Amino acid sequence: MPAEVKAEPYDVEFAQEVVFKPNPGPQSEFLSASEREVLYGGAAGGGKSYAMLADPLHGLNSPNFSGLLVRHTTEELRELIQKSQELYPRAIPGIKWSERKSQWTSPQGGRLWMSYLDKDTDVTRYQGQAFNWIGFDELTQWSSPYAFSYMRSRLRSAHSQDLGLYMRATTNPGGNGHAWVKKTFIDPAPSNTSFWATDIENNEELRYPKGHSKEGKPLFKRRFIPASLFDNPYLAESGDYEAMLLSLPEHQRKQLLEGNWDINEGAAFPEFNRQIHVVDPYAIPRNWVKFRACDYGYGSYTGVIWFAVAPDEQLVVYRELYCSKVTASDLADMIMNAEEGDGQIRYGVLDSSLWHNRGDTGPSLAEQMNQKGCRWRPSDRSRGSRVSGKNEIHRRLQVDEFTEKPRMVFMSTCTHTISQIPAIPLDKRNPEDVDTNSEDHLYDALRYGIMTRPRSSLWDFNPDNQRTGFQAADNKFGY
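Heads up: these notes are all about the structure in this document. Since this is a predicted model, take the numbers as computed values, not measurements.

## Regarding the overall build of the protein
Looking only at helices and strands, the protein has 17 helices and 16 strands in total. In the protein, which comprises 479 residues, the share counted as buried stands at 48%. Taking as baseline every contact in the protein between residues at least 6 positions apart, the subset at least 24 positions apart corresponds to 67%. A total of about 24,100 Å² of accessible surface is found on the protein, and carbon and sulfur atoms cover 48% of it.

## Overview of the pattern of salt bridges
Proximity of charged atoms lets side chains of opposite charge pair with each other. Applying the stated rule across the entire model yields 24 salt bridges. Taking the shortest distance from any N to any O, the salt bridge between Arg152 and Glu37 comes out at 2.5 Å. Here Glu37 lies in strand 1 (residues 37–42) and Arg152 lies in helix 6 (residues 146–152), a separation of 115 residues in the sequence. The partly exposed category is assigned to Arg152, whose relative accessible area is 23%. Between Arg207 and Glu205 there is a salt bridge whose closest N-O contact spans 2.7 Å. According to the relative accessible area criterion, Arg207 is partly exposed, its value standing at 43%.

## Some thoughts on the side chain of His277
Topologically, His277 is positioned in helix 12 (residues 274–277). A polar contact of 2.7 Å, which involves the side chain of His277, links it to the backbone oxygen of Leu397. Setting aside residues up to four positions removed in sequence, His277 forms contacts with Glu271, Phe272, Leu397, Pro406, Met408, Val409 and Phe410.

## Looking at the sheet that holds strand 9 (residues 221–227)
Read across the sheet, nine strands follow the order 3-4-5-2-6-7-1-9-8 without closing on themselves; strand pairing throughout is mixed. Since the sheet does not close on itself, it has two edges, and those belong to strand 3 (96–98) and strand 8 (195–196), each with one partner. Summarising the sheet, strand 1 and strand 7 (residues 166–171) pair through five bridges and their orientation is parallel. In the strand pairing of strand 7, Gly41 is matched with Thr171. Sheet contacts for helix 5 (residues 74–91): strand 2 (66–71), strand 3, strand 4 (103–105), strand 5 (111–116) and strand 6 (133–137); angle to strand 5, the most-contacted strand, approximately 155°.

## Quick word on helix 15 (residues 385–397)
Helical periodicity: at 3.6 residues per turn, an α-helix aligns residues three or four positions apart in one direction. For helix 15, with 13 residues, the first-to-last C-alpha span of 18 Å sits near the 18 Å given by 1.5 Å per residue. Within the span of helix 15, buried status applies to Ser385, Gly389, Lys390, Glu392, Ile393, His394, Arg396 and Leu397. Elements in contact with the buried residues of helix 15: helix 12, strand 13 (315–323), strand 16 (408–411) and helix 17 (441–450).

## Section: the pairing of strand 14 (residues 347–350)
By the alternation rule, side chains of strand 14 split into Tyr347 and Val349 and Gly348 and Leu350, which are all buried. Looking at chain direction, strand 11 (residues 289–295) and strand 14 are connected through four bridges and run parallel. Across the sheet, residue Arg292 finds its bridge partner in strand 14, namely Gly348. Relative to strand 15 (residues 377–378), strand 14 runs parallel, the two sharing two bridges. Bridged to Val349 within strand 15 is Arg377.

## With respect to the pairing of strand 7
Within strand 7, six of the six residues are buried, leaving the element largely enclosed by the surrounding structure. A two-sided burial pattern is seen for strand 7, the buried positions comprising Tyr166, Arg168 and Thr170 on one face and Met167, Ala169 and Thr171 on the other. Sheet topology places strand 6 next to strand 7; five bridges connect them, and they run parallel. Within strand 7, the position partnered with Phe136 by the bridge is Ala169.

Rules behind the numbers
Residues numbered from 1 in each chain as written. Predicted model: local features only at pLDDT ≥ 70, side-chain atom pairs only at ≥ 80, totals over all residues. Heavy atoms only, no water. Helix = DSSP H or I, 4+ residues; strand = E, 2+ residues; numbered from the N terminus. Buried < 20%, exposed > 50% of the residue type's maximum accessible area, 1.4 Å probe, protein only. Contact = heavy atoms within 4.5 Å. Areas by Shrake-Rupley, 256 points an atom, 1.4 Å probe, with all protein chains shown as cover. Salt bridge = Lys/Arg side-chain N within 4 Å of Asp/Glu carboxyl O. Polar contact = N/O pair within 3.5 Å; in protein donor to acceptor, adjacent residues only side chain to side chain. Pairing = 2+ DSSP bridges. Axes fitted to C-alpha atoms, helices over the stretch in contact; angles between N-to-C directions. Expected span 1.5 Å × (residues − 1).

Encoded structure:
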């Protein structure tokens, strides 16, 4: 008879002990997510740290697994190591911790390195390394995306087909890196929706380059999984932690208790609320008044916004165009192509500076677009117009006491506008205006549009009332 290997005896009660059980909902979804890059968190108390520590356990029993979990500083790392020392020896009997290497090693040979990444130059410590799994705990503590992007280059393995390649991150809103994390994970798609990874500079999908066997195909997927205090019954039941969060200043309370990414300290429009001001797309009736507004830039960005006026005078922002390095003539073609199914566009309002020739003998940029059939009239840039425009946006974001609806809403497809409006900061020297050094192109287009006194049934253009110095020859098109 052939020899049979006899299994080692084990303690039945110990084997049946549940060491870690994820909370139903977001924590379970995070641990089962298949996307390459996943951000987990939002509100405080959602069980982020334990979820981050539990995620690499799926691979540590493989001899080919190599993982890296980083915090911003060594002090913060020490707290994470302490929690891992409570969990790992119970989850994987025989796993060893090396203080000198700051590394866990399982009996099968899988390794998890726990380290810090304080400065951008610290990434050089990982040159030549290869990892199946990389985790960033409290991602917004990194003020720029440099470290996260660089470490993506370390995500490679000859055994990736078996173990997969994963980057995981947890965080709350706020912190030095709030803006870039929001652009990377929050703005491109609704929460808990898988999406193809995009470039945060131009929002274009990341694709394989020319000459690659997968040329033109998208690279990988991302996902943001939100969690709140109430997804963690261990903290939520007593109510003590909730009471502490309720005592915080308003912007911190909205970030840490509500997980609101649209709130940032010093924001110009703190009343913006995605739950109220963002609506699902729907077909705009052809008899509604429609118009557009544009802030043009070639070297920076061009922002175009399309508006519709509902019968109850609610303003609906139903389309946007955000692009760079586009000439005025090409922009006119792009705008007219987008409007093919809209019916009549009553008028367009454009930054009045585009009528200035600035010494040129040829047509101005505005004239180039008008000649293409993309008609515009000049925006109001008189003294005080910036402050008046900002005040009108505040008024439009309010809920009307009669209709019980906000006076302005944005369709969820207008992702850039929805991202920029709540994030734009106040001017520290003039709190009545926004910081013009911030990304404000779509804000300016929005301001130009709402200052035209749009009405659902009244044609409001009267060239005799213009105070910009421009006199229209055509009353219909403002040209």
